[in-house]
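One-letter residues, chain by chain:
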Amino acid sequence: MAGDMMTFNIKDGFMEAVCRGFRSGLLNTTDYSNICQCDCLDDVKQQLACTDYGDFLSNEHPPIATTTIAEKSTDKLVQEFNWVRSQSTAPLTKFLDYIRYSYMIDNVILVITGTMHDRDPHELLEKCHPLGLFDSLASLCAATKTSELFQLVLVDTPLAPYFSEAVTDADLDELNIEIIRNTLYKAYLEDFYKFCTAMGGATAEVMGDILKFEADRRAINITINSFGTDLTKDDRAKLLPSFGFLYPEGLTRLEQAEDFQGVRDACECYGPYRNIFADVGYSSEKSLEDAFFEFEVAQNRLAFEQQFHYGVFYAFVKLKEQEIRNIVWIAECIQQDQKSRINQYIP
């Protein structure tokens, strides 16, 4: 078992050490300070070359676009992830697959939404996250009903168990697509949480807290985004994950919330969320999404304070993603001459 510290290093000790090595290459405060002082994106390229990113932009000729920086940074993350997965054995391989499933869900929704708006299929596939690609993804463009998505395409993918709960004969429109997204994520998170709990030990402890927060974040966002739509309270309740720090009393309060203040009141009894909503004051420039990101970063950093668990792999991917968002934010501010906002990233 991955949760047994007496035997963890026999199979997974080397891969955990590699992951911690990758983590040590994340940008530090000095790196961010140097990048923020750049005057153009070519300077950003030079600064990143002095970090673990190395010469990942060496083949890109000026002027460099922020989209190129985001794409190449993501490619580096994907290469590191795929290498770790290729060297892993069960049950770590299965754990890493669970990390990929969320990107597969995002890609499915992206392709469906783009197809509904008559976007070019090749353009949609280029925008899909590399960690979530699978062979039949392009075939989604031909589906017009939810049942067709499952029967023709997704039945042979790892998402099939999650998608079976969302299968109806309804036509694909904006509301149905969001319901599909949230239904898939609900089933995925519950399954991932069950898997991590069964692992036991530090993996269950660390990943349990991380996934509980992710479930609560989705529950809060679903509730807020449902205001002003045709989604009923009963239908909304079916989309909320059945675990988390808010479960069950907090979710019951969320189900009855009718506005943002109602959501704030529902989370008032839970320390971390009380602080998050306090940071998002009526006069604050910080968004709720940014406050969630800050809490997520703190959680993922804490994952590295323990040993002999799989949570470090999940935490590294999420910390690396946040780093990429930070780099792109800084690059956008430099390109658009918005230096006054350049420090509004989440270190």
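Refer to the structure presented above.
Residues numbered from 1 in each chain as written. Predicted model: local features only at pLDDT ≥ 70, side-chain atom pairs only at ≥ 80, totals over all residues. Heavy atoms only, no water.

Q: Any chance you could explain the overall build of the protein here in plain terms?
A: For the protein, the helix and strand inventory stands at 17 helices and zero strands. What you see for the protein is a C-alpha radius of gyration of 21 Å, in line with the 20 Å of a compact globule of 347 residues. Dimensions of the protein along its principal axes, counting C-alpha atoms only, are 55 × 50 × 45 Å. Burial statistics for the protein: of 347 residues in total, 49% are counted as buried. Within the protein, contacts between residues separated by at least 24 positions form 63% of all contacts whose residues are at least 6 apart in sequence. Across the protein, the mean location of the 31 positive side-chain charges is 3 Å away from that of the 54 negative side-chain charges. (Helix = DSSP H or I, 4+ residues; strand = E, 2+ residues; numbered from the N terminus. Rg over C-alpha atoms; globule rule 2.2 N^0.38 Å. Buried < 20%, exposed > 50% of the residue type's maximum accessible area, 1.4 Å probe, protein only. Contact = heavy atoms within 4.5 Å. Lys, Arg positive; Asp, Glu negative; His and termini not counted. Charge placed at Lys NZ, Arg CZ, Asp CG, Glu CD.)

Q: Would you take a moment to explain the packing of helix α5 (residues 66-87) against helix α17 (residues 311-335) for this structure?
A: Any two packed helices are characterised by the angle at which their axes cross and by the distance between the axes. α17 packs onto α5 with a crossing angle of 165° between their chain directions and a minimal axis gap of 9 Å. Our classification of the angle between α5 and α17 gives roughly antiparallel. Considering the relative orientation of α5 and α17, their crossing is right-handed. Facing Thr66, Ile69, Ala70, Ser73, Thr74, Leu77, Glu80, Phe81 and Val84 of α5, the residues of α17 in contact are Phe313, Phe316, Val317, Lys320, Glu321, Ile324, Ile327, Val328, Ala331, Glu332 and Gln335. (Axes fitted to C-alpha atoms, helices over the stretch in contact; angles between N-to-C directions. Parallel < 35°, antiparallel > 145°, perpendicular 65-115°, else oblique. Left-handed = near helix turned anticlockwise from the far one by under 90°.)

Q: Is there a simple way to explain the nonpolar core in this structure?
A: Generally speaking, nonpolar side chains in soluble globular proteins are found buried as a group. Counting 85 residues, the largest nonpolar core has Phe95, Tyr188, Phe192 and Phe313 as its most contacted members. Residue contacts for Phe192: discarding those within four places in its chain leaves Phe95, Tyr98, Met207, Leu211 and Tyr314. With 23 residues, the next largest nonpolar core counts Ala219, Ile222, Tyr273 and Ile276 among its residues. (Core = buried A, V, L, I, M, F, W, Y, C linked by side-chain atoms within 4.5 Å.)

Q: Can you walk me through the packing of aromatic side chains in this structure?
A: Scanning the model with the defined rule gives 21 aromatic pairs in all. Taking 5.0 Å as the distance between ring centres and 40° as the angle between the ring planes, the aromatic pair formed by Tyr53 and Phe56 counts as tilted. Each member of the pair Tyr53 and Phe56 is classed as buried. Sitting over the ring of Tyr185, Arg218 keeps its end group 4.0 Å from the ring centre. (Phe/Tyr/Trp six-rings, centres within 6.5 Å; stacked < 30°, edge-to-face > 60°. Lys NZ or Arg CZ within 6 Å of the ring centre and 35° of its normal.)

Q: How do you make sense of the environment of Asn275 when you look at a structure like this?
A: Relative to the assigned elements, Asn275 resides in helix α15 (residues 271-279). On the basis of relative accessible area, Asn275 is assigned to the partly exposed category, the value being 48%. Each C-alpha atom of the pair Asn275 and Phe14 lies 38 Å from the other, and the pair is 261 residues apart in sequence.

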